[in-house]
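One letter stands for each residue in the lines below.
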Amino acid sequence: MTLAKTVVILSLLRAGILHAGLEESLQTLRSQDIRPHLETVRGRQIFFVEGLPFFVLAAELPWHQSHYGRYRETMGDWDYLYPAARKMHLNTLKVPVKWSQIEPRKGVFDFSYVDHVKALADANRLKLILGWFGHYASGSSGNIYSNLDNYLFAPMDIVEDEKTYPRAVDADGKSYHGMISYDYDAVIERESAAFRAFMRHIREIDAKTRTVIMIQVENEISVFNTTAARNPKMWRDHSPRSNELFKAGGYTDDLKYSAERLASGWLRRVTEAGAQEYALPFYMDFVGRTLAGTVGGQPGEDVATYLKLCPRTTFLSMNLYSGSAREADLRLRIEPFRVEHNIVAISESNSDRSAVAPRLAFLAIGAYAAPLFSPWAFNISWPIRGEPYVLKDGTLANGAFDLMRAYTGVARAAAPIALCAGTDQLKVLLDGETRETEVAGAKVGVVYDPGGQLMVLHPEPDEFLVIGWKASVTLETPMAKWPALKKLRVEAGRWEGPRWLPAPDPVYYAVQDERAVRIRLFEEPLVIRIFAK
């Protein structure tokens, strides 16, 4: 295409000019319910906070800074990460809270850490997802403890009392002291009571301020731990009570038994107890793979089973770590989690210098309408070590800047993204991938700089939005042709709910000919609006 006839040097119009069609559409994305919740709008689930669409742009704090016996002394170790989160344009931090932290003695609760992190979040204008860590089934650790220092999840009296709280047993009859059996009522009753107290306290301190917007219930689910996926002898609990239930239920499939028992016998009871006190959105994070036909990744996880048997669970998220940032590879990992009415959400992902996190953030939010994206961890890089987002002095480093670009773009256009995400009105375009496509029938071409990425939205016949950096995008539109050109406006800015606010002095170019408008974006992440006044 020859782009020669007219160069439009962009000038900003006065603030507050809105296109009636898009403005009216965005007005439908208001909720009368100001509590954090998911709501069906135009047949899609959208997450609302304070009555407006909200994408959780987060990172997770590690849990191992808190040490048993010294919880109060070590609770401030990660305080420097809260101002770093604001600097990096996060709107939320995921903060794990161990059951052993809040119930140091049976029936005695200490919520000082919850109060501490809420105060820090409020001071830094952040929202919180609190992770309830009564169960931790990652790697080769035990699911209630791996050590008695910083990997102690269940209260110490439960760890010490195998008679009251029996342990899981494999098919060879071996019992594992660090892995509890959830086929006995005693531990479920204890955890349900503790989670009820936890949610009651959150309601008492936060129902008016609504800093806490979601609860992650447990950390990955497994009968034993992640390594059990490779050993069919550990695909279910073989304790005496479990064997009785397996036989009485007529089961022949160990994985089916494990998913159904953990969902209905344990986690349904825990989440019901918590919801009776304060019904925030609850979700559980799964490993992010499949195992013998079940979607989850380890024994005890299965998306379809939890959707059916654990109704207080709002969605089942995935922990997606990838050695490839290619769009096709990322989609291949995401697609299995689109089970029935489940919502795609990424609760853990790469936190290293690779391109995975910023590309996956755009893809998950734009193409799948994911309400949550959060790498693990904020100050520890994974799976490549030694490349953290935040250094010990609070300085941003490594992959922090590209993820900050992605988060900035999404935050500046949350309402129109929520309106169009997952439809043909929005396309995600990533360096090295698609160069020509259509967005709601309009032809779009892209030339990327290394590392460039875009979202292109076409929500109305005479309205485009381009979100991203380091790329040139060509939009074929009748608005570029005379005399319609006289009404054409191109602005940079941001959306606050349904209101468009032009920005002062952005750095970008726009070129127009009789068929198209081309936008050139540089290092700074921008939201560009192309519309007819």
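Residues numbered from 1 in each chain as written. Predicted model: local features only at pLDDT ≥ 70, side-chain atom pairs only at ≥ 80, totals over all residues. Heavy atoms only, no water.

### Details of the overall build of the chain
If you tally the helices and strands in the chain, you get 14 helices and 25 strands. In terms of overall dimensions, the chain has a C-alpha envelope of 85 × 45 × 45 Å along the principal axes. Relative to its 533 residues, the chain shows a buried fraction of 61%. Sequence-distant contacts in the chain: of pairs separated by 6 or more residues, those separated by 24 or more amount to 70%. (Helix = DSSP H or I, 4+ residues; strand = E, 2+ residues; numbered from the N terminus. Buried < 20%, exposed > 50% of the residue type's maximum accessible area, 1.4 Å probe, protein only. Contact = heavy atoms within 4.5 Å.)

### Quick notes on the nonpolar core
Of all hydrophobic cores here, the largest spans 130 residues; its most connected members are Leu 130, Phe 198, Ile 215, Phe 378 and Ile 417. Take this core: its biggest share by element is 9 residues, from helix α12 (residues 356-368). Sequence-distant contacts of Phe 378, defined by excluding residues within four places in its chain, comprise Ala 59, Glu 60, Leu 61, Leu 81, Ala 84, Ala 85, Met 88, Leu 90, Leu 93, Tyr 389 and Val 390. Counting residues in each nonpolar core, the second largest holds 28 residues, with Val 466, Ala 471, Leu 488 and Ala 510 among its members. (Core = buried A, V, L, I, M, F, W, Y, C linked by side-chain atoms within 4.5 Å.)

### Thoughts on the pattern of salt bridges
Applying the stated criterion across every chain yields a total of 28 salt bridges. Here Asp 185 and Arg 269 are joined by a salt bridge, their closest N and O atoms 3.0 Å apart. Here the residue Asp 185 occupies a position in helix α7 (residues 185-206), and Arg 269 occupies one in helix α9 (residues 254-277), the gap between them amounting to 84 residues. Residue Asp 185 is classed as partly exposed on the basis of its relative accessible area, which comes to 43%. Linking Asp 329 and Arg 326 is a salt bridge whose minimum nitrogen-to-oxygen distance equals 3.3 Å. The exposure class of Arg 326 is partly exposed, given its relative accessible area of 46%. A cluster of three or more residues bridged by salt bridges with shared partners is formed by Glu 50, Lys 127 and Arg 210. (Salt bridge = Lys/Arg side-chain N within 4 Å of Asp/Glu carboxyl O.)

### Description of helix α5 (residues 112-123)
Here α5 contains 12 residues, and its C-alpha end-to-end distance of 17 Å stays within 8% of the 16 Å for a straight helix at 1.5 Å per residue. Along α5, the residues classified as buried are Ser 112, Tyr 113, Val 114, Val 117, Lys 118, Leu 120 and Ala 121. Packed against the buried residues of α5 are α2 (71-74), α3 (81-87), β6 (92-98), α4 (99-102), β7 (127-136) and α7. (Expected span 1.5 Å × (residues − 1).)

### Focus: the sheet that holds strand β3 (residues 44-49)
Strand order in the open sheet made by the 3 strands is β2-β3-β4, with antiparallel pairing throughout. The open sheet is flanked by β2 (37-41) and β4 (52-53), the only strands paired with a single partner. By the bridge criterion, 2 bridges tie β3 to β4 in an arrangement that is antiparallel. By the bridge assignment, Phe 48 is partnered in β4 with Pro 53. (Pairing = 2+ DSSP bridges.)

### Examining unusual backbone geometry
The linkage connecting Trp 376 with the following residue, Ala 377, adopts the cis geometry, with an omega of -5°. Within the secondary structure, Ala 377 sits in the loop between β16 (372-373) and α13 (400-411). Cis rather than trans, the peptide bond between Trp 382 and Pro 383 has omega equal to 5°. Within the secondary structure, Pro 383 is located in the loop between β16 and α13. Phi is positive for Ala 292, which is not a glycine, with a value near 50°.

### Section: the environment of Arg 494
Its location among the elements puts Arg 494 in strand β21 (residues 488-496). Taking the relative accessible area as the measure of exposure, Arg 494 reaches 35% and is therefore partly exposed. A C-alpha to C-alpha distance of 28 Å links Arg 494 and Glu 514, two positions 20 residues apart in sequence. Among residues more than four places away in sequence, those in contact with Arg 494 are Arg 412, Arg 499, Trp 500 and Leu 501. There is a polar contact of 2.5 Å between the side chain of Arg 494 and the side chain of Glu 496. (Polar contact = N/O pair within 3.5 Å; in protein donor to acceptor, adjacent residues only side chain to side chain.)

### Looking at the confidence of the model for the chain
Taken as a whole, the chain shows an average pLDDT of 93; of its residues, 96% reach a score of 70 or greater. Within the model, the stretch residues 1-19 combines pLDDT values under 50 with 46 contacts to residues more than four positions away or in other chains. (pLDDT = per-residue confidence, 0-100.)

### Some words on the packing of helix α8 (residues 240-248) against α9
Closest axis-to-axis distance for the α8/α9 pair is 11 Å, and the angle between their directions is 105°. In terms of their interaxial angle, α8 and α9 are classed as roughly perpendicular. Along its contact with α8, which presents Ser 242, Leu 245 and Phe 246, the element α9 presents Asp 254, Tyr 257 and Arg 261. (Axes fitted to C-alpha atoms, helices over the stretch in contact; angles between N-to-C directions. Parallel < 35°, antiparallel > 145°, perpendicular 65-115°, else oblique.)

### Let's talk about the pairing of β6
With 7 of 7 residues buried, β6 is to be regarded as a mostly interior element. In β6, alternate side chains face the same way, and those of Thr 92, Lys 94, Pro 96 and Lys 98 on one face and Leu 93, Val 95 and Val 97 on the other are all buried. Across 7 bridges, the pairing between β6 and β7 is parallel. Within β7, the residue paired with Lys 98 across the bridge is Phe 133.

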